[in-house]
Amino acid sequence: MFPRSAASRGRSAYSNGLYPPPPGPLRYEYNHQRPAGVNSFYVPGLERFPPYEWKPPPLTSPVPPSPHTPTMTNGRKRQNDDYSPHVVKRQRLDSSSHPRIGSPLIRVPLPPPPPPLPRHPDRVVAGSSRSSFSGFDCSYLSPHSHPRPQVFAVPESSNSLQDYAKDKLSDQMVELFEACQQQSSDLARKEMCRAQLQQDIQRVYAVARLYLTGSSMNGLGCRSSDADLCLVLKGNKRPDPIHVLSVLQRLFKTLSYVERTQLIRAKVPILRFREKGSDLEFDLNINNTVGIRNTFLLRSYAYADLRIRPMILVIKKWARHNQINDASKGTLSSYTLVLMVLHYLQTLNEPVLPSLQRDYPECFNPFMDIDMVPDGPKHIPPYVSRNQSSLGELLLGFLKYYSTSFRWDKQVISVREARALAKTNSQEWRNKYICVEEPFERNNVARAVHEKIKFDAIKAQFAESCRILQQRKDLNSILPVRAIINKESSRR
């Protein structure tokens, strides 16, 4: 993207800023108000890698479902009440299926892909949703692809968040979300830094690929979100993360657009640094590819329904304000909170979300080559939920679910299965206060909560906020809305 001669001399040769100007238009397409395309990661001379692009089509008007549409069935070959973290080794992509009732997925007609993929006449179009994942129709996948969920007649999908904000609490949630959500300019700035870093890193590791991951890329970030990066190094010998990060630390000290590099020797070692002259912080890891997989899984959920992103942003702000959103201090990580929200929305009597991994296993195969992961969600058709609850109703329901309904001592939160699994006596879950399954590795992402006093504080905060919000129906009663908006606005 930028001249290598300049990279070798640092950025001092450029008088118009920290980064050299790109020779042409950047190859990403962001729009913070709808499912956004992601950066292409195009690197001259490395054409062996496929482009990393995901550009959903423009939003379409809803199409009412046909009353004559026949139904489809879907399910899983194995339905165990007890959970084993080792089941992943037995996963099959072409498993036979049993009928499963109640999925909110709806299929829409989309342009057929190029041959030779055969069209399946038994895959029936039932309706349309405003929220689209991509321009690929899953009806035209391979002959061994998984049968799709049962189709239901559903209400016409909503075109605006305001349709879910007809009360004060919901309106406050929309206001907070629209003020705090990550802007296209924020993402473009992170991408500019990522693209330049990749080129500079390739001076040392020629075939390295740098991925922007986490909330910056999955659609769940806000203006103040830091950026997570995953450097993928392939080869016969597994690289030592500490050694690689030490090499990069020395390299980064020579770059004019990077400052405050710090090597953190955690369970997943990271190199932390800042963009020079700003408060934009990056965390870079080596080959922690599950972060790339769950980025695109969460991105698929984030844009599945208009209510998902506001719900998650408000809940993360609430948890941070009430000091239960910091894994380094024994409370909930943001990733754990997101999975808790998705699980709740999957388990309602009228679900807002399905299990995408269960319904589309070929799109989220945990053994898929990492370069192909961004293409996985392209094969998921749009859908719409029959649940028409307002944002405020869903927020209250979330707090109530974890205050009164969910059994912390007996259940495991599973977004992969869209249900609560029975906690087994395995080492992964035994004596753990909170059990939240990582959708790909199937370990416990809530293991940071290992002290009873912290667990009790988390439960107490859910209960107290639920009580207050139920009485007042005012977001300010549990969260300083205006102060948060003012803080986020200062990032502009």
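Basis of the calculations
Residues numbered from 1 in each chain as written. Predicted model: local features only at pLDDT ≥ 70, side-chain atom pairs only at ≥ 80, totals over all residues. Heavy atoms only, no water. Axes fitted to C-alpha atoms, helices over the stretch in contact; angles between N-to-C directions. Helix = DSSP H or I, 4+ residues; strand = E, 2+ residues; numbered from the N terminus. Parallel < 35°, antiparallel > 145°, perpendicular 65-115°, else oblique. Contact = heavy atoms within 4.5 Å. Nonpolar A, V, L, I, M, F, W, Y, C, P; charged D, E, K, R; others polar. Salt bridge = Lys/Arg side-chain N within 4 Å of Asp/Glu carboxyl O. Buried < 20%, exposed > 50% of the residue type's maximum accessible area, 1.4 Å probe, protein only. pLDDT = per-residue confidence, 0-100. Phe/Tyr/Trp six-rings, centres within 6.5 Å; stacked < 30°, edge-to-face > 60°. Lys NZ or Arg CZ within 6 Å of the ring centre and 35° of its normal. Core = buried A, V, L, I, M, F, W, Y, C linked by side-chain atoms within 4.5 Å. Pairing = 2+ DSSP bridges. Left-handed = near helix turned anticlockwise from the far one by under 90°. Patch = residues over 30% accessible without salt bridge, like charges linked within 9 Å, V, L, I, M, F, W, Y side chains within 5 Å. Areas by Shrake-Rupley, 256 points an atom, 1.4 Å probe, with all protein chains shown as cover. Lys, Arg positive; Asp, Glu negative; His and termini not counted. Charge placed at Lys NZ, Arg CZ, Asp CG, Glu CD.

Colleague: Quick question: what am I supposed to make of the packing of helix 2 (residues 168–180) against helix 10 (residues 391–405) here?
Modeller: For any two helices packed against each other, one specifies the inter-axial angle together with the distance between the axes. Remark: helix 2 packs on helix 10, axes separated minimally by 7 Å, with the N-to-C direction vectors making an angle of 95 degrees. One way to sum up the angle between helix 2 and helix 10 is to call them roughly perpendicular. Contact with helix 2, carried on its side by L169, S170, M173 and V174, involves L391, G392, L395 and L396 of helix 10 and no other residues of that element. Residues belonging to the contact of helix 2 with helix 10 are distributed by class as follows: 6 nonpolar, 2 polar and no charged.

Colleague: Explanation requested: the pattern of salt bridges in the structure shown.
Modeller: Note on pairing: side chains with opposite charge can pair once their charged atoms come close. Applying the stated criterion across every chain, the model contains 23 salt bridges. The residue D456 makes a salt bridge to K452 at a minimum N-O spacing of 2.8 Å. Here the residue D456 and the residue K452 both occupy positions in helix 11 (residues 452–472), the gap between them amounting to 4 residues, near one helical turn. By relative accessible area, K452 is classed as partly exposed at 47%. In the salt-bridge network here, residues are joined through shared partners; they are R209, K234, D369 and D371.

Colleague: What's the story with the confidence of the model for the protein chain in this structure? I'm lost.
Modeller: One rule of thumb: low pLDDT means the predicted coordinates there are not for detailed reading. On average, residues of the protein chain carry a pLDDT of 75, and 67% of them reach 70 or more. Low pLDDT, under 50, characterises residues 1–156; the predicted model gives this stretch 369 contacts beyond four residues in sequence or across chains.

Colleague: Honestly, the packing of aromatic side chains in this entry has me stumped. Any pointers?
Modeller: The relative placement of two aromatic rings is captured by the distance of their centres and the angle of their planes. Counted by the stated rule, this structure contains 15 aromatic pairs. With a centroid separation of 4.8 Å and 80 degrees between ring planes, the pair formed by Y401 and Y402 is classed as edge-to-face. Each member of the pair, Y401 together with Y402, is buried. An angle of 50 degrees between the planes, with centres 6.0 Å apart, marks the rings of Y401 and F406 as tilted. Ring pairs connect the aromatic residues W318, Y344, F398, Y401, Y402, F406, W408, Y433, F455 and F462, which therefore count as one cluster. Over the ring of Y164 we find R307, and its NZ or CZ is 4.3 Å from the ring centre.

Colleague: Just checking my understanding: could you explain the nonpolar core for this structure?
Modeller: Soluble globular proteins tend to pack their nonpolar side chains together in the buried interior. Residues L176, M311, F398, Y402 and L475 are the most contacted members of the largest nonpolar core, which totals 76 residues. Residue assignment for this core shows that the elements contributing at least two residues are helix 2, helix 6 (290–302), helix 7 (308–321), helix 8 (334–346), helix 10, helix 11 and helix 12 (481–489). The residues contacting F398, other than those within four sequence positions of it, are M311, I315, M340, V341, Y344 and F462. In this structure, L210, L233, V244 and L263 belong to the second largest nonpolar core, which totals 29 residues.

Colleague: What exactly am I supposed to notice about the pairing of strand 1 (residues 209–213) here?
Modeller: One face of the sheet, then the other: side chains in a regular strand alternate in exactly this way. Burial analysis of strand 1 places 5 of its 5 residues in the buried class, which makes it a mostly covered element. On strand 1, burial covers both faces: R209, Y211 and T213 on one face and L210 and L212 on the other are all buried. As defined by bridge partners, strand 1 adjoins strand 2 (residues 227–232) across 5 bridges and the pair is classed as antiparallel. In the sheet register, R209 faces strand 2, and the bridge partner there is V232.

Colleague: Looking at this model, I keep getting lost on the packing of helix 7 against helix 8. Mind explaining?
Modeller: The contact between helix 7 and helix 8 brings their axes to 10 Å, and the two run at 130 degrees. By the angle between their directions, the pair helix 7 and helix 8 is classed as oblique. The way helix 7 lies across helix 8 gives a crossing that is right-handed. For the pair formed by helix 7 and helix 8, the contact residues are I308, M311, I312, I315, K316 and A319 on the first element and S334, L337, V338, V341, L342, Y344 and L345 on the second. When the residues that make up the contact of helix 7 with helix 8 are grouped by side-chain class, the tally is 11 nonpolar, 1 polar and 1 charged.

Colleague: What should I look at first to understand a negative patch on the surface in this one?
Modeller: Taken together, D167, D171, E178 and E393 make up a surface patch of like negative charges. Checked against the element boundaries, E178 lands in helix 2. Note on E178: relative accessible area 43%, which makes it partly exposed.

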